[in-house]
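The chain contents come next:
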Amino acid sequence: MTFSTTTLYRAFTTSVVASAVALSPILSAVAQAETLNGAGATFPAPLYERYAREVRKKHPELKINYQGIGSSGGIRQITAGTVDFGGSDAAMTDAQIAQVKRGVILVPTAGGAVSVVYNLPGVSNLRLSRATLPAIFSGQITNWSDAKIKADNPGVNLPNQPIKFVVRADGSGTTFIFTNHLSNISGYFRGRVGTSTTPKWTLPNVLRGKGNPGVAGLVARTPGSIGYVEYAFATKNNLRSAQIQNKAGEFVSPSLQTANAALSSVRFPDNYRVFVGDPAQGYPIVGLTWMMVYKQYPTAAKADAIRKWINWVLKDGQQYNDDLNYTRIPSDVTNRVLQTVNSSVK
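Residues numbered from 1 in each chain as written. Predicted model: local features only at pLDDT ≥ 70, side-chain atom pairs only at ≥ 80, totals over all residues. Heavy atoms only, no water.

(A) Structural context of the packing of helix α2 (residues 45–58) against helix α12 (residues 300–315). Across the interface, α2 lies against α12 with an axial gap of 11 Å and an inter-helix angle of 105 degrees. In terms of their interaxial angle, α2 and α12 are classed as roughly perpendicular. Where α2 abuts α12, its residues Y51, A52, E54, V55 and K58 lie against W309, W312 and V313. For the contact of α2 with α12, a count of residues per class yields six nonpolar, no polar and two charged. (Axes fitted to C-alpha atoms, helices over the stretch in contact; angles between N-to-C directions. Helix = DSSP H or I, 4+ residues; strand = E, 2+ residues; numbered from the N terminus. Parallel < 35°, antiparallel > 145°, perpendicular 65-115°, else oblique. Contact = heavy atoms within 4.5 Å. Nonpolar A, V, L, I, M, F, W, Y, C, P; charged D, E, K, R; others polar.)

What follows is the structure, given as structure tokens:
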């Protein structure tokens, strides 16, 4: 059997065209691939890492990198323009927002509890009242056998030993949430320490950990210590969390359910910035976390990638919040946020 040159040419051309058609979706996906780099709060880091894995099932062209460096670091990076999005548990102030030349939108992504974690051998159920907790972290109470702690815990064998305090070494939204609550319930704490991502602690026996992982690790290996971490880090590290007295006078353990109860009455303004100081019910030390995205991106492809990312986080990603003990953002709020992002991010 023989083939003419024309027949061979046609066969070759058909093969090339067919191959090109078959490869076009792959080549298109490669051509449109976009990497988004984010940095900031460690509070939501476990959640954002899960988001980064799951989003690729729907958008394989997106690669998300997120580095937990603390909320202050996230605000610095978004202001400097060195990331595609930032993360913070302390909502940016008006002054901070004004410094972002490309404009910025605060996107609430989750809420959660800040656990007061402790390492006290023999004590499995510690209770701390609204008077005792701020007194501990303002340095008025420095020994585990203090009469105020004993009054909160009748029948518990508390050791006569100094309290070792574990706080954050970095600028922290978790610290902001924690100090915001203590400042709301104690005038002494508000005047001595105040609400801040980087408070000037005046405490003896202070240990400083970087990020939520650093604080959790120090508490885990330091008998006699007390500190504060996002609830997911407490559970992940098998740390004991104190029951904290809320505004209604109840001693409440941190959990997804009690955090949801505390955040149920939150109302989001047009800029989506909320500060939860002393909720009426549920677990009292709670807060929200935000992604910070620009209004203006250097390329249309980058802006499109950010819109895809935020739309996925607020539509599909919220289902993963419960798995990791974070609260969801209400659907009426996510719809408003998406309208803002889709119309403003260019």
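Having seen the structure, we can now continue with the description.
(B) Layout of the packing of aromatic side chains. For the structure shown, the criterion picks out 18 aromatic pairs. On the numbers, 6.1 Å between centres and 15 degrees between planes, the contact of Y66 with F85 is stacked. Of the two residues, Y66 is situated in strand β2 (residues 62–68) and F85 in strand β3 (residues 85–88); the sequence distance between them amounts to 19 residues. Each member of the pair, Y66 as well as F85, is classed as buried. Ring geometry for F137 against F165: centres 6.1 Å apart, planes inclined by 70 degrees, an arrangement best described as edge-to-face. Here F165 lies in strand β6 (residues 164–168) and F137 lies in helix α5 (residues 132–137), a separation of 28 residues in the sequence. In this structure F137 comes out as buried when scored by relative accessible area, which is 0%. Members of the aromatic cluster, each reached through a chain of ring pairs, are Y48, Y51, Y66, F85, W309, W312 and Y320. Over the face of the ring belonging to Y297 we find R102, whose NZ or CZ atom lies 5.4 Å from the ring centre. Cation over ring: R127 sits above F251, and NZ or CZ is 4.0 Å from the ring centre. (Phe/Tyr/Trp six-rings, centres within 6.5 Å; stacked < 30°, edge-to-face > 60°. Buried < 20%, exposed > 50% of the residue type's maximum accessible area, 1.4 Å probe, protein only. Lys NZ or Arg CZ within 6 Å of the ring centre and 35° of its normal.)

(C) Structural context of the side chain of N321. Here N321 is to be found in the loop between α12 and α13 (331–344). N321 gets classed as buried once you look at its relative accessible area, which sits at 0%. When neighbours within four sequence positions are excluded, N321 is seen to be in contact with L47, Y51, T109, A110, Y326, T327 and R328.

(D) Structural detail: the sheet that holds strand β11 (residues 251–252). Here we have three strands laid out as an open sheet, ordered β5-β10-β11, and mixed in their pairing. The strands lining the two open edges of the sheet, one partner per strand, are β5 (127–128) and β11. In the sheet, β5 pairs with strand β10 (residues 243–245) via two bridges, with the strands oriented parallel. In the strand pairing of β10, R127 is matched with Q243. (Pairing = 2+ DSSP bridges.)

(E) Fine view of the environment of K308. Within the secondary structure, K308 is located in helix α12. Among the residues examined, K308 registers a relative accessible area of 24% and is labelled partly exposed.

(F) Up close: unusual backbone geometry. In the Ramachandran plot, Y272 falls in the positive-phi region, its phi being about 65 degrees despite a non-glycine side chain. Considering the arrangement of structural elements, one finds Y272 in the loop between α11 (256–263) and β12 (286–294). Taking the relative accessible area as the measure of exposure, Y272 reaches 4% and is therefore buried. One non-glycine residue, N325, lies in positive phi territory at about 70 degrees. By the secondary structure assignment, N325 is in the loop between α12 and α13.

(G) Examining α12 more closely. The terminal C-alpha atoms of α12, which comprises 16 residues, lie 22 Å apart, in line with the 22 Å expected from a rise of 1.5 Å per residue. Among the residues of α12, K302, A303, A305, I306, W309, I310, N311, W312, V313 and L314 are the ones counted as buried. (Expected span 1.5 Å × (residues − 1).)

(H) Examining the pairing of strand β1 (residues 34–40) more closely. Along β1, five of the seven residues are buried, which leaves the element largely enclosed by surrounding structure. Where β1 meets β2, seven bridges bridge the pair, whose relative direction is parallel. Within the sheet, the bridge partner assigned to G38 lies in β2 and is Y66. As a crossover connection, the stretch from β1 through α2 into β2 is right-handed. Where β1 and β3 come together, three bridges link them in parallel fashion. Paired with G38 across the bridge in β3 is F85. (Right-handed = clockwise from strand over helix to strand, strands pointing away.)

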